[in-house]
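Observations on chain architecture
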Amino acid sequence: MTSPDKVVIVGAGQAGLQTAEALRGMGYAGAITLLGAERCGPYHRPPLSKSWLAGEIAAEQLAMRSPDALERKGIALRTDAQAIGIDIGKRLVRLADGGALSYDALVLATGASPRMLDIPGRDATGVLALRSMEDAQAIAQRMALCAESNRPMVVVGGGFIGLEVAATARKKRIAVTVLEAAPRLLGRVLAPTLSEWYAQLHRWHGVNLVLNARIAAFETGADGQVCGVQMNDGTLLPAGLVIVGVGVQANDGLARAAGLACDRGIVVDACARTSNPYIFAAGDCTARSTSEGTLLRLESVQNAVEQGKSAAAAVMGQERPFAAAPWFWSDQYDIKLQIAGLSTGADRWETRGEPDSGSFSVYHYCGDRLLAVDSINDAREHLQARKRLDGEGT
Amino acid sequence: MTTITYVEAHGQAVTVDVADGWSLMQGAVANGVEGILGECGGSCACATCHCYVDEARIGELPPPANNELDMLEDAAAPRRSNSRLACQVKVHSAMAGLIVHLPDRQQ
Ligand SMILES: Cc1cc2nc3c(=O)[nH]c(=O)nc-3n(C[C@H](O)[C@H](O)[C@H](O)COP(=O)(O)OP(=O)(O)OC[C@H]3O[C@@H](n4cnc5c(N)ncnc54)[C@H](O)[C@@H]3O)c2cc1C
Ligand code: FES
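Residues numbered from 1 in each chain as written. Chains lettered and ligands numbered in written order. Predicted model: local features only at pLDDT ≥ 70, side-chain atom pairs only at ≥ 80, totals over all residues. Heavy atoms only, no water.

**Concerning helix α4 (residues 160-171) of chain A**
Residue and element names in this part refer to chain A. The end-to-end C-alpha distance of α4, which contains 12 residues, comes to 17 Å, matching closely the 16 Å that a straight helix rising 1.5 Å per residue would cover. Counted residue by residue, α4 has nine buried out of 12 residues, so it is predominantly covered. For α4, the full list of buried residues reads Phe160, Gly162, Leu163, Glu164, Val165, Ala166, Ala167, Thr168 and Ala169. (Helix = DSSP H or I, 4+ residues; strand = E, 2+ residues; numbered from the N terminus. Expected span 1.5 Å × (residues − 1). Buried < 20%, exposed > 50% of the residue type's maximum accessible area, 1.4 Å probe, protein only.)

The structure is reproduced here in structure tokens:
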């Protein structure tokens, strides 16, 4: 398949848009339809928990492309258009509105959905997760109420999104408790010294941080509104807003139902190809099989962008493997964390620079092999680490 | 609205109106100007919004902060004295007519 006439992309997020534009960039001249379940076109999600939630920028400033810009590129964006099924045999995508679209190549870029906790009170009003603009707007509204009425909020999960929201809430002087089930923050990604450093940072900013936290239920008032979090040890934490930030699940339902190989995500190779020759997948919805035979799930902008490019190439019958070292960032207070590489399997850590100065990097090693570098307000080390890891990876 | 002209790497000039308070990056990506990626959404984290501001007017802009300077050190295209990260430059009316040149690569 070298030149399909019709490409349909399901999911108008970072990966979907990237695939569409990369196709045009490669000279693809056929039809491109970008289907998005949300009401608006593609936008940047990372600022939702950072500058947007802090009120520093307007929603329009998150937009990735104006409708005009998409039209000029011949990308037909359909918003409020949810795909509900794939007919593999007929090569059709069925839509929630009853319509259907035929494809020569299909790209799934459906992203991920927040995982929710299965405990009493999970459906109370004011128990919210953050993924979309709509979620962010609901959270901002409730945060404003909390600020006004001096009510505290609780963040469940000491991962990136939870901690970013906590930091933003502190800027608004809202009392915040962060509940983390593990013994340290960001345990899966950061070196132990950095977990401790972040714990101190948040405590210094007035966050009530509870590690090894066990939650029993979300307390709900007679009005159906959340009013607190009940802990296993009997403690009740009052709350006018609860943010659940305990990770995401890949949106692989369409692929699963169509019989594509899935394993905690749509299984793709390094070139974004799925188990069906006419279907490709990119971004948070994927699980990439690595040369070592393991599955790698990444949830990051870089991954969405790189796999989007790979998917476009694969649609055109070309191989463009995603081989670059993964990278990620997080903004909390005035601290920028930049991570290069994957630290899984590290057994030794080295710190360069002075943690007390607020600018330093932690190097993760397995034996002599450099696996990853976490940089705190240390952009130069980060960029150099990325180059170094890219060099070693190839 | 303030008029900004972006000159793409191959010489094509694109003039757009950018809302005040938006960054040079937001003005460019929303309008589909080629040559600015802005992958991090303006967090000063990706260095894919590198641009060269009209030399004659670079002095009119507020100077870059340290993290911007650090990111510029290792941007994909060569750094020059008029290099900026477009996401860190907020547009306002005094910048009317500013010309911004884009490098031939961002990664
Ligand atoms: C608050 C927040 C902060 C973040 N911060 C960072 C950060 O600092 N750094 C970083 O690297 N990453 C960050 N991320 C992660 C990053 O935003 C994601 O990795 C990236 O958006 C993934 O892109 P994607 O295209 O795979 O998915 P998405 O951007 O989620 O796009 C998927 C789209 O598909 C749509 N969709 C799903 N199913 C269907 C269907 N059946 N039919 C039609 N449309 C459908 C969804 O509505 C959605 O719009 C953050 C994410 C969030 C939510
Ligand atoms: S948009 Fe990422 S550094 Fe400017």
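Still more to cover.
**Remarks on the state of the cysteines**
All names here are of chain A. Tallying each qualifying case throughout the model produces zero disulfides over all chains. With no disulfide partner, Cys40 has as its closest neighbouring cysteine sulfur the one in Cys285, 18 Å distant. With relative accessibility at 34%, the residue Cys40 sits in the partly exposed group. (Disulfide = S-S within 2.5 Å.)

**Some points on the interface of chain B and chain A**
Opposite the 22 residues of chain B that make contact, chain A presents 30 residues. Across the chain B-chain A interface, the total number found is three salt bridges. The partner of Lys73 of chain A in a salt bridge is Glu34 of chain B, with the nearest N and O atoms 3.4 Å apart. Joining chain B to chain A, the criterion identifies 12 residue pairs in polar contact (both at pLDDT 80 or more). Across the side of chain B that touches chain A, the residue classes tally to eight nonpolar, nine polar and five charged. (Contact = heavy atoms within 4.5 Å. Salt bridge = Lys/Arg side-chain N within 4 Å of Asp/Glu carboxyl O. Polar contact = N/O pair within 3.5 Å; in protein donor to acceptor, adjacent residues only side chain to side chain. Nonpolar A, V, L, I, M, F, W, Y, C, P; charged D, E, K, R; others polar.)

**Examining the side chain of Ser310 of chain A**
Residue and element names in this part refer to chain A. With respect to the element layout, Ser310 can be found in helix α7 (residues 301-315). Judged by relative accessible area, which is 1%, Ser310 ranks as buried. For Ser310, the residues in contact, after removing those within four places along its chain, are Ala270, Cys271, Ala272, Arg320, Pro321 and Phe322.

**Things to note about the site of ligand 1**
All names here are of chain A. Around ligand 1, the surrounding shell holds 31 residues, and the nearest of these are Ala15, Glu38, Arg45, Lys50 and Arg131. One of the side-chain nitrogen or oxygen atoms of Glu38 is found 2.6 Å away from an oxygen atom of ligand 1. At 2.8 Å from an oxygen atom of ligand 1 is found a side-chain nitrogen or oxygen belonging to Arg45. The protein chains hide 93% of the 1000 Å² of surface that ligand 1 would expose on its own. Where the shell around ligand 1 is concerned, the elements lending two or more residues are α1 (14-25), α7 and β22 (327-332). When its residues are assigned to classes, the shell around ligand 1 shows 15 nonpolar, 10 polar and six charged. (Near = heavy atom within 4 Å. Areas by Shrake-Rupley, 256 points an atom, 1.4 Å probe, with all protein chains shown as cover.)

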